[in-house]
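Results of the structural survey
Here's the letter readout for the chains.
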Amino acid sequence: MSEPFSVPVTVRGYETDTQGHLNQAVYLNYAEHARWSLLRAAGIRQADLVARGVGPVALETTIHFRRELLAGDEVEVTCAFEWGEGKTFRIRQIIRKADGTVAAEVEGVGGLMDLGARKLVADPRRRFKELAARPGLFGL
């Protein structure tokens, strides 16, 4: 199996709380940044999705905090899609410090919404494969 897609992020001071830890909500921003970066790397722009009348939606997100992150820490945020047979898919992400320590694990369930009907498309795997110039980044 190939390595999951990843993007580097540096923790900024203004993202920390009064204890100096990365604020809990910012972990979601890092995960979102990695997901949109994967879409762009696969050749899918936000405008392309809108033009096709679809958009990704988050249905469930769980964060497992493992180690603290502090201002100046360099991290890699991974993103790997897991496909099933239904209207949803799983996304597994790891936020890892430069020394390899796992700081957090983010697991989510997503779907691809038909923006006109406001319902999930029946086969998101097929739609992502059609949209992507590099579907292998999605494990397709």
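Residues numbered from 1 in each chain as written. Predicted model: local features only at pLDDT ≥ 70, side-chain atom pairs only at ≥ 80, totals over all residues. Heavy atoms only, no water.

Notes on helix α1 (residues 24-41)
Taking 1.5 Å per residue, 18 residues should reach 26 Å; α1 reaches 27 Å between its end C-alpha atoms and fits that length. Those residues of α1 not exposed but buried are V26, Y27, Y30, A31, A34, R35, S37, L38 and L39. Tucked into the core, α1 has its buried residues touching β1 (5-10), β2 (54-65), β3 (74-83), β4 (88-97), β5 (102-114) and α3 (124-131). Its side-chain oxygen 2.8 Å from the backbone nitrogen of A25, N23 forms the N-cap of α1. Following α1 by one or two positions, G43 has its phi on the positive side, about 95°. (Helix = DSSP H or I, 4+ residues; strand = E, 2+ residues; numbered from the N terminus. Expected span 1.5 Å × (residues − 1). Buried < 20%, exposed > 50% of the residue type's maximum accessible area, 1.4 Å probe, protein only. Contact = heavy atoms within 4.5 Å. Polar contact = N/O pair within 3.5 Å; in protein donor to acceptor, adjacent residues only side chain to side chain.)

Looking at unusual backbone geometry
Despite not being glycine, R118 shows a phi value in the positive range, around 60°. Here R118 is to be found in the loop between β5 and β6 (119-120). A relative accessible area of 55% means that R118 is categorised as exposed.

So, the environment of V9
Position of V9 relative to the elements: it lies in strand β1. Classification of V9 by relative accessible area gives buried; the value is 8%. Distance in space between the C-alpha atoms of V9 and N23 is 15 Å, their sequence separation being 14 residues. Apart from residues no more than four positions distant in its own chain, V9 is found in contact with Y30, H33, D73, E74, V75 and V77.

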